[in-house]
Amino acid sequence: MTKPLHGVRLVEFEGLGPGPLAAMMLADLGAEVTTLVRPGPAVAMERLAGKDYNPLRRGKRIEQVDLKKPEGLARAMELIVAADALIEGNRPGVMERLGLGPADCAARHPKLVYGRMTGWGQQGPLAQAAGHDLNYVALTGLLSLAARNGQPPIVPPTVVGDAAGALGLAFGITSALLDVRGGGAGRVVDAAIVDIVAMLGTLVQWMRAGGQMDGHEPSPFHDSPFYDTYTCSDGGFVTLAPIEPQFYAQLLSRLHLDDVDPQAQYNKAAWPALKTRLAELFRSQPRAHWCALLEGSDTCFAPVLSLAEAAAHPHNRARGTYTTDAQGAIAVAAAPRFLPFPLMNQPETTK
């Protein structure tokens, strides 16, 4: 049977994690994905998952493009004009500064579907801050729901299984409908939660294969001092996830840990002592103190919020993520959001 997205052409500007995973999912469904990669090594991902094999590139055509050069930008736009869709995962404003933003692309290709993958969204107080999975889940208020009494929170319930299964079903149905609209046959969408969660685990399975967890060596995600939840003096919690060297260096600087060598981030023998030291440091001040010091920076930080706090947080309020009715019931807005292309400045016409 022909795959439902056969004939769909997609250009991916390769980033970290979720963007490549989404492009891989589309490639698995038959889309022709051209992935544009930067020259040089991807240091953060190679440290976490190894450099010998990248499962997120499965089914994709890889092309190295230097977007810092005019010929690289020209090649990228050439591919975009010939594509049906685009995926990018840069910080808000980066593609615009490159001349590859939505308005630039719409001027050349009005029917393009422009996919933007970010952690915090295109606008809001945290839009320009660095972050990772743990931070995003913390700020939604969902991480707090996973905490047992008197213990730090862990992975939130229902989101990984039930919600992922629902998302997979919606994705499968949409893909099949696209095929039917193009003249394809109807089909059954077998969306088993166990299959979908296993597939979404591609990132962690890749990192496991690289020896970063589920082995004899300490894991960056389970044992390191730079990816964890810490308790504050008032009983609140905060999260840290500065995996990249530059973000880790900024964390050490902001915490005035001048005696800690940022180049020794992956010296696993030093992790237990530094983790104990960080735990003591965060226990010395209330959560608000650490928010004032770290939130909105590139330290990959977020407080663990209750759902009520999450609904009131400036970033979530700015984006309209949650609404609260007169009785205090909290509802969440639909996602992802669909926005019209911004219009380029048009010259005035004379009548």
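Residues numbered from 1 in each chain as written. Predicted model: local features only at pLDDT ≥ 70, side-chain atom pairs only at ≥ 80, totals over all residues. Heavy atoms only, no water.

1. Looking at the pattern of salt bridges
Argument step 1. By the definition in use, this model includes 14 salt bridges.
Argument step 2. Arginine 58 is the salt-bridge partner of aspartate 28, the closest N and O atoms lying 2.4 Å from each other. A residue pair is termed long-range when its members are at least 10 positions apart, and aspartate 28 in helix H1 (residues 18–28) and arginine 58 in the loop between helix H2 (43–49) and strand S3 (60–64) qualify at 30 residues.
Argument step 3. In this structure, arginine 277 engages aspartate 259 in a salt bridge whose closest nitrogen and oxygen atoms are separated by 2.9 Å. With arginine 277 in helix H11 (residues 271–282) and aspartate 259 in the loop between helix H10 (245–254) and H11, this pair connects stretches of sequence that are 18 residues apart.
Argument step 4. Relative accessible area serves as the criterion here: at 57%, aspartate 259 is assigned to the exposed category.
Argument step 5. Salt bridges sharing partners connect three or more residues here, namely Arg61, Glu63, Arg75 and Glu78. (Salt bridge = Lys/Arg side-chain N within 4 Å of Asp/Glu carboxyl O. Helix = DSSP H or I, 4+ residues; strand = E, 2+ residues; numbered from the N terminus. Buried < 20%, exposed > 50% of the residue type's maximum accessible area, 1.4 Å probe, protein only.)

2. Quick notes on H10
Argument step 1. Buried within H10 are the following residues: Phe247, Tyr248, Leu251 and Leu252. Along the axis of H10, the buried residues cluster in a sector spanning 140°; they form a single face.
Argument step 2. Each element contacted by the buried residues of H10 is listed here: strand S7 (237–240), H11 and helix H12 (287–294).
Argument step 3. Looking at the residues trailing H10, positive phi occurs at histidine 256, about 60°. (Arc of directions from axis to C-beta. Contact = heavy atoms within 4.5 Å.)

3. Details of the environment of leucine 36
Argument step 1. Relative to the assigned elements, leucine 36 resides in strand S2 (residues 32–37).
Argument step 2. When the C-alpha atoms of leucine 36 and tyrosine 114 are compared, they prove to be 15 Å apart, with 78 residues separating the residues in sequence.
Argument step 3. Residue contacts for leucine 36: discarding those within four places in its chain leaves Val11, Glu12, Phe13, Glu14, Glu63, Val65, Ala76 and Leu79.

4. Some thoughts on the pairing of S2
Argument step 1. With respect to burial, S2 is a largely interior element, 5 of its 6 residues being buried.
Argument step 2. For S2 and S3, the ladder comprises 5 bridges, and the chain directions are parallel. The residue of S3 that forms the bridge with threonine 34 is arginine 61. (Pairing = 2+ DSSP bridges.)

5. Remarks on the confidence of the model for the protein
Argument step 1. Confidence in the prediction of the protein, expressed as mean pLDDT, is 88, and 95% of residues score 70 or more.
Argument step 2. Across the protein, element-level confidence peaks in H12 with a mean pLDDT of 98 and bottoms out in H2 with 68. (pLDDT = per-residue confidence, 0-100.)

6. Focus: the layout of surface pockets
Argument step 1. Within this model, the second largest pocket holds a volume of roughly 390 Å³.
Argument step 2. Together, 18 residues line the second largest pocket, and Leu29, Gly168, Phe171, Gly172 and Asp190 are the ones closest to its centre.
Argument step 3. Broken down by secondary-structure element, the contributors of at least two residues to the lining of the second largest pocket are H1, helix H7 (159–181) and helix H8 (193–200).
Argument step 4. Broken down by element, the lining of the second largest pocket gets its largest block of residues, 5 residues, from H7.
Argument step 5. Residue composition of the lining of the second largest pocket, grouped by class: 11 nonpolar, 3 polar and 4 charged. (1 Å grid on protein atoms, 1.4 Å probe; cavity = no way out; pocket = protein on both sides within 12 Å on 5 of 7 lines; lining within 4 Å. Points joined across faces, edges and corners; volume = space filled by probe spheres on them. Nonpolar A, V, L, I, M, F, W, Y, C, P; charged D, E, K, R; others polar.)

7. Concerning the nonpolar core
When a protein is soluble and globular, its nonpolar side chains tend to lie buried together.
Argument step 1. Within the largest apolar cluster, 44 residues are counted, with the highest numbers of intra-cluster contacts made by Leu255 and Phe282.
Argument step 2. If you list the elements that add at least two residues to this core, you get helix H6 (133–139), S7, H10, H11, H12, strand S8 (301–303) and helix H13 (307–312).
Argument step 3. It is H11 that provides the largest number of residues to this core, a total of 5 residues.
Argument step 4. In contact with phenylalanine 282, other than residues within four places in its own chain, are Tyr230, Thr231, Cys232, Ser233, Val238, Leu240, Leu255, Trp290 and Leu294.
Argument step 5. In terms of nonpolar packing, the next biggest core, distinct from the first, is built from 16 residues, Leu36, Met77, Ala83 and Leu86 among them. (Core = buried A, V, L, I, M, F, W, Y, C linked by side-chain atoms within 4.5 Å.)

8. Overview of H11
Argument step 1. Across its 12 residues, H11 extends 16 Å between first and last C-alpha, which sits within 8% of the 16 Å expected from 1.5 Å per residue.
Argument step 2. Of the residues making up H11, those classed as buried are Trp271, Leu274, Lys275, Leu278, Ala279 and Phe282. Here the buried residues of H11 occupy an arc of 140° about the axis, which is enough to place them on one side. Seen from the buried face of H11, the exposed residues on the opposite side, beyond 90 degrees, are Pro272 and Ala273.
Argument step 3. Taken together, the buried residues of H11 touch strand S6 (228–231), S7, H10 and H12. (Expected span 1.5 Å × (residues − 1).)

9. Section: the environment of aspartate 325
Argument step 1. Mapping aspartate 325 onto the fold places it in the loop between strand S9 (322–324) and strand S10 (330–332).
Argument step 2. Aspartate 325 sits 218 residues away from alanine 107 along the chain, and the two C-alpha atoms are 41 Å apart.
Argument step 3. From its side chain, aspartate 325 meets the backbone nitrogen of glutamine 327 in a polar contact 2.9 Å long. (Polar contact = N/O pair within 3.5 Å; in protein donor to acceptor, adjacent residues only side chain to side chain.)

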